[in-house]
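# Tertiary structure, described
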Amino acid sequence: MFPILTVMVAVPAVGAALLWALPAGARARVREIALAVTAVELVLAIVLFAQFDTAAAATFQFSETYAWIPQIGASWALGVNGIGLLMIVLAAILTPLAILAAWKEDEAEDRRTHYLALILLSQAFMVGIFAARDVFLFYVLFEAMLIPLYFLIGSFGGVQRRYAAVKFLLYSLAGGLIMLVGVVALYFQGPGGDQAFLTDNLTGLTMSTTAERLIFLAFFLAFAIKAPMVPVHTWLPTVAENARPGTTALLVAVLDKIGTFGMLTLGIALFPDAARWAAPAIIIFAVISVIYGALLAIGQTNMLRLVSFTSVSHFGIMVLGIFAFTQTSIEGAALYMFNHGLSTGALFFAVGFLIERYGSANVSDYGGLQKVVPVFAGTFLIIGLSALALPGLSPFVSEIMVLIGAFSVAKTAVIVSSIGVVLAALYILLTYQKVFTGPTREGLEATRELSVRERVVLWPLVILMLILGFLPGIALDTVREPSADYVSAVVAEEAGE
Amino acid sequence: MSFVTPEIAWAPLAPIIVVLGAAAIGILVESFVRTPATRRAAQLGLSLVALIGAAGVAVVQWAGLEGAGTEVLAGMLTVDRQALAWQIVILVFGALGALLFAARTRAGEEAFTSLGSVAPGSTEETLARRKGMQVTEVFPLALFAVGGMMLFTSVTDLVFLFVALELFSLPLYILVALARRRRMLSHEGALKYFLLGAFSSALFLFGAALLYGATGSASLTGIADGIATVSGLDPLILGGAVLVVVGLLFKLGAVPFHSWTPDAYQGAPTPVTAFMGAATKAAATAALIRVSYEAFYGLTWELSWLFWAVAIASMLLGTVVALVQTDLKRMLAYSSVAHAGFILVAFAGFPEATLAALPFYLLAYGLATLGAFAVITQVRERSDDGTVLGEATRLGQWAGLGKRSPLLAGAMALFLLSFAGIPLTAGFVGKFVAFAAAISEGAWPLVLVAVIASAAAAFFYVRLIVLMFFTDVPDGQEEAIEVDYSPLARVVVVITAAAVVLLGVVPGPVLSAFENAAVLLIGSAG
């Protein structure tokens, strides 16, 4: 069979190498090359989606397994279930948009080349992680991905970008290294041998309760840092404020999903018993994230920080859905991972376009823009409404599914979280009001309307959110079966006790 | 009294004989070849041929080895696959080190003083420099050190082990003192290294004497047998074992026996620091494995507190003190202390997997060390009139290096990431196998400390990357630093960088080879 997943990892990686290999004189067209590479990747993703058999969405499809380091039981094993598929598609959609969004940045060709190559390299890692069927491979990519991101944050962005990059790296590394202990310990619980780290070989192990719980916690901590949950979320606002909006868009919209993705595909699938044991505590932290993120978002004056806090809040809802262990809530959470990517990605891009015009992310520097740039204002409003989960836009479907699905098992948590949903209306609409309504501020009368390039970045996301808002079935079909699997894994364990 | 001449099987000793023989020839070269340039070329050629040749012989021996290995010199020395693996690792470090020893700046300045015996700043020194004198004795000295280290990995008798220890230490003391610039620092480092080294030798010898007294034997097997017959805790045996281990921990540079490291690392000529940092650690680890697994296996439980305590202290102190260093070489010295701690983690409970894990760890660590110091030799200060001065080792001087020289800075970043244990570098695989060995004996709390220390250690490695890539050159300092391309140093950087990536991405073949080497001829783990 054609190894499509390996090719999808290789295409952006080779693209990045190609960009770096270009001699200094031949770098005039790097943006076009990078865009072409991501276009190829998008086509591959569409093929992948079309070929995917939704009737068997819970099984890993397009599987490939090659020996990599048999001495320690590691394989190059790829394959996607419905959730991994959606994440890869999301990455394939957002990466070209991120390149387009940064089209006008960097005058110097050198810096431009570096930026684009790093973006492509990150995409290779993203695809690899969402397709990994081997715990060791997952871990290696999970950690190695920090390097391109570290350079993306540290080399390109605002004044405090160095500080942000180091903070990001140390948080992620601390989580990752603790996960490493879990990975090694898991090895000794498993069957060993040449393919000791294949997830298939590690599912359904019988471990001592203590071992399972400790290993689960080691994994969970790394994922909680990545899908920023209170109290280990503090790196995100710093990064969002200082990195380029395009970088942050990719980071929050796609990369942070590795956290929730890992909770599902490794946390629940490998340690169902421990996951159920830890669920009450995790749900409490999730609810705290929902409320705390929303409250802090209201207090922000910097739009980039604001959007990052809204994401903390939204990630809380996803985690709530995952650890409520009902079919509807997990399905909703998995769908939310996709929809939140569209919505937050668009939001960061839109804020980035404002910054591109006036160099400021402060709400107070703007006012009354909707008279000058009605199209921009309208687009921004729709994207904003998607973030507050307005019916008709896709995030609404997923958010409501999580809340309804979780209600039967965690009533208080759902009720409290609903406050977060109300608060979302506040922070989005207040921001919109301050930036776009009222009298136009002095000096902003000549603001540029959205250019064609900017429309090409934002509108596809809006259209996708509208389509999925009315026809969520397209995406839901791919996550239904895997969700059912995760639920039954946890429930079967419960019944077995 | 009749004297029986021992039967000596020379063939298994071939790699060691090649290296020591070449060292002896090197001394003759010193005496008879008068022109410095020819002498230097001859010494470099001789060293490389000897080291690479010896490695070749060792590989052939390994392939032809039947069973676990052979005993030589009436059991004073064993040539088993474990020993050969370590010998090859040390020979690789030796060959890369020799290239660095010979590296010269574009202006033709080598790393070593013109005449080691004259006082710093004296007229004789100026004269020696003007006459273009060179201490090419460094090459045979390094060969003697390599030979001693190779012996150190195979000796199974405490008295012979002591001889090997001195054989590789004495040349190193001299080498440390031979820096061309900042000679007072170099002398200080050498003196400290020498005094503390002598102190540790004494401890080692005292421990050996105690063990001999308690068991009636100086051979590792004899001691192991003696330990097995004693029931309960024999203070002589325990005291002797602790002292012997402490003597080796000195060479490893573990806390609290590390105090020589920062000064010796900083003061030594950078090529010597590179060679010493890589090879001494490997030799000390090899000997520690041999002594622990062959003699003290019966004391696993009694000694474990020592390994735990020293490992934790080394990791924490090395990391914390490295955080506040402002000199690059000192920072790497403290990082080496932390790495000594990581190495000791794999000794928790004496797991069998350690025999395969540590050669890989040390290979990865040594390659990155050689590479990092090879980069350091090329970043130079420059005076106002454009003369290239000594190495720029203050951290701040590296600001903006990534813009000035992206490839060199990129290589340095790679070595630092490998030290930090980031995946897809050799350092990660090394850490992984070492920690896996420790967890296999249930030492996960120790591993937890190790990963927390790793995360903290990442901070100071990353700080240098931040300086190189994300910080601009300070105003007015654009001309203060010069990147001096010395072809030989570049060769070392390229080889080590390629090896670090290769061992990180496809470590399989090397891991298999070391798994094959995880055999000791004697001892409980064999």
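Keep in mind that what you see is a predicted model, and the values were worked out from it rather than measured.

Looking only at helices and strands, one finds 21 helices and two strands in chain A. Relative to the 2.2 N^0.38 estimate, which gives 23 Å for 497 residues, the radius of gyration of chain A is 22 Å and therefore close to what a compact globule would have. By its C-alpha atoms, chain A is 70 × 60 × 40 Å across when sized along the principal axes. By the burial criterion, 64% of the 497 residues in chain A qualify as buried. For chain A, long-range pairs separated by at least 24 residues make up 82% of all intrachain contacts whose partners lie at least 6 apart in sequence. If you sum the accessible surface of chain A, you get close to 16,000 Å²; carbon and sulfur atoms cover 67% of it.

On to helix H20 (residues 508–516) of chain B, then. Note that an α-helix has 3.6 residues per turn; residues three or four places apart therefore point the same way. Listed in full, the buried residues belonging to H20(B) are Gly508(B), Leu511(B) and Phe514(B). Down the axis of H20(B), the smallest arc covering the buried residues is 130°, so these residues share one side. Those residues of H20(B) that are buried are in contact with strand E1 (61–69) of chain A together with helix H3 (81–102), helix H14 (354–376) and helix H17 (426–440) of chain B.

Another point: the side chain of Thr310(A). Residues and elements named next belong to chain A. With respect to the element layout, Thr 310 can be found in helix H14 (residues 303–324). A distance of 2.5 Å separates a polar side-chain atom of Thr 310 from the backbone oxygen of Val 307. Not counting residues within four places of it along the chain, the set of residues in contact with Thr 310 comprises Ala 297 and Tyr 427.

A word on the UniProt feature "domain: NADH:quinone oxidoreductase/Mrp antiporter transmembrane" (unreviewed entry) in chain B. In the numbering adopted here, UniProt assigns the feature "domain: NADH:quinone oxidoreductase/Mrp antiporter transmembrane" (unreviewed entry) to residues 156–454 of chain B. Its end C-alpha atoms 34 Å apart, residues 156–454 of chain B is made of 75% helix and 3% strand.

Turning our attention to the UniProt feature "domain: NADH:quinone oxidoreductase/Mrp antiporter transmembrane" (unreviewed entry) in chain A. Per the UniProt record, "domain: NADH:quinone oxidoreductase/Mrp antiporter transmembrane" (unreviewed entry) is found at residues 132–422 of chain A. Secondary structure over residues 132–422 of chain A splits into 79% helix and 0% strand, and the C-alpha atoms at its two ends are 37 Å apart.

This brings us to the pattern of salt bridges. Using the criterion set out here, one finds 25 salt bridges over all chains in the structure. A salt bridge links Glu241(A) to Arg305(A), with the nearest nitrogen and oxygen atoms 2.9 Å apart. Taken together, the residues span a long stretch of sequence, with Glu241(A) in helix H10 (residues 235–242) and Arg305(A) in helix H14 at a distance of 64 residues. Given a relative accessible area of 23%, Arg305(A) falls into the partly exposed group. A salt bridge links Arg181(B) to Glu109(B), with the nearest nitrogen and oxygen atoms 2.9 Å apart. On the criterion of sequence distance, the pair formed by Arg181(B) in the loop between helix H6 (158–176) and helix H7 (183–215) and Glu109(B) in the loop between H3 and helix H4 (123–130) is long-range, its members being 72 residues apart. A relative accessible area of 32% means that Arg181(B) is categorised as partly exposed.

Here we come to the packing of helix H5 (residues 135–144) of chain A against helix H7 (residues 161–189) of chain A. Residue and element names in this part refer to chain A. Between H5 and H7, whose axes approach to 10 Å, the crossing angle comes to 165°. The angle between H5 and H7 falls in the class roughly antiparallel. The two elements H5 and H7 meet at a crossing, and its hand is left-handed. From H5, Val 135, Phe 138, Tyr 139, Phe 142 and Glu 143 reach across to H7, where they touch Ser 172, Leu 173, Gly 176, Leu 177, Met 179, Leu 180, Val 183 and Leu 186.

Strands belonging to one sheet form pairs held by backbone hydrogen bonds; the direction of such a pair is parallel or antiparallel. Residues and elements named next belong to chain B. Overall, antiparallel pairing links the three strands, which are arranged E4-E3-E5 in an open sheet. Two strands bound the open sheet, and with one partner strand each, they are strand E4 (388–391) and strand E5 (481–483). Strand-to-strand twist of the sheet, defined as the mean angle between neighbouring strand axes without regard to direction, takes the value 45°. In the sheet, strand E3 (residues 379–382) pairs with E5 via three bridges, with the strands oriented antiparallel. From the neighbouring strand, Glu 381 faces E5, where its bridge partner is Ile 481.

Attention now moves to a nonpolar patch on the surface. Residue and element names in this part refer to chain A. A contiguous nonpolar patch, built from Phe 49, Trp 459, Ile 463, Leu 466, Ile 467, Phe 470, Leu 471 and Ile 474 and spanning about 740 Å² of accessible area, is present on the exposed surface. Counting residues per element, the nonpolar patch draws most heavily on helix H20 (residues 452–470), at five residues. Mapped onto the fold, Trp 459 is located in helix H20. Under the relative-accessibility criterion, Trp 459 is labelled partly exposed at 34%.

Between chain A and chain B, the residue contacts involve 33 residues of the former and 32 residues of the latter. When the area that chain A buries against chain B is broken down by residue, the three leading residues are Gln71(A), Leu177(A) and Val181(A), summing to 19%. Linking chain A with chain B are zero salt bridges, by the criterion used here. When contributions to the side of chain A that touches chain B are tallied by element, the ones reaching two or more residues are E1, H5, helix H6 (146–155) and H7 of chain A. Examining the composition of the side of chain A that touches chain B, we find that 16 residues originate from one element, H7(A), more than from any other. Of the residues that constitute the side of chain A that touches chain B, the class distribution is 27 nonpolar, three polar and three charged.

All names here are of chain A. Axis separation between helix H11 (residues 245–255) and helix H15 (residues 327–358) bottoms out at 8 Å; the angle between their running directions is 170°. Taken as axis vectors, H11 and H15 run roughly antiparallel relative to one another. Packed against H11, whose contacting residues are Pro 245, Gly 246, Thr 248, Ala 249, Val 252 and Ala 253, the element H15 presents His 340, Gly 341, Thr 344, Gly 345, Phe 348, Phe 349, Gly 352 and Ile 355 at the interface. Class assignment for the residues of the contact of H11 with H15 results in seven nonpolar, seven polar and no charged.

As a further point, take the packing of aromatic side chains. The tally for this structure, following the rule as stated, stands at 51 aromatic pairs over all chains. Here Phe216(A) and Phe220(A) contribute two aromatic rings whose centre-to-centre distance is 5.8 Å and whose plane-to-plane angle is 25°, an arrangement assigned as stacked. On the criterion of helical spacing, the pair formed by Phe216(A) and Phe220(A) is a turn pair, its members being four residues apart in helix H9 (residues 209–226). Judged by relative accessible area, Phe220(A) falls into the buried class, the value being 11%. Ring centres 5.6 Å apart and planes at 55° place the aromatic pair Tyr365(B) and Phe419(B) in the tilted group. Here Tyr365(B) is found in helix H14, whereas its partner Phe419(B) is found in helix H16 (residues 406–420), with 54 residues between them in sequence. By relative accessible area, which is 5% here, Tyr365(B) ends up buried.

Cut-off values and rules
Residues numbered from 1 in each chain as written. Chains lettered and ligands numbered in written order. Predicted model: local features only at pLDDT ≥ 70, side-chain atom pairs only at ≥ 80, totals over all residues. Heavy atoms only, no water. Helix = DSSP H or I, 4+ residues; strand = E, 2+ residues; numbered from the N terminus. Rg over C-alpha atoms; globule rule 2.2 N^0.38 Å. Buried < 20%, exposed > 50% of the residue type's maximum accessible area, 1.4 Å probe, protein only. Contact = heavy atoms within 4.5 Å. Areas by Shrake-Rupley, 256 points an atom, 1.4 Å probe, with all protein chains shown as cover. Arc of directions from axis to C-beta. Polar contact = N/O pair within 3.5 Å; in protein donor to acceptor, adjacent residues only side chain to side chain. UniProt positions renumbered as here; feature names shortened; annotations may be inferred. Salt bridge = Lys/Arg side-chain N within 4 Å of Asp/Glu carboxyl O. Axes fitted to C-alpha atoms, helices over the stretch in contact; angles between N-to-C directions. Parallel < 35°, antiparallel > 145°, perpendicular 65-115°, else oblique. Left-handed = near helix turned anticlockwise from the far one by under 90°. Pairing = 2+ DSSP bridges. Patch = residues over 30% accessible without salt bridge, like charges linked within 9 Å, V, L, I, M, F, W, Y side chains within 5 Å. Buried area = accessible area lost by both parts, 1.4 Å probe. Nonpolar A, V, L, I, M, F, W, Y, C, P; charged D, E, K, R; others polar. Phe/Tyr/Trp six-rings, centres within 6.5 Å; stacked < 30°, edge-to-face > 60°.

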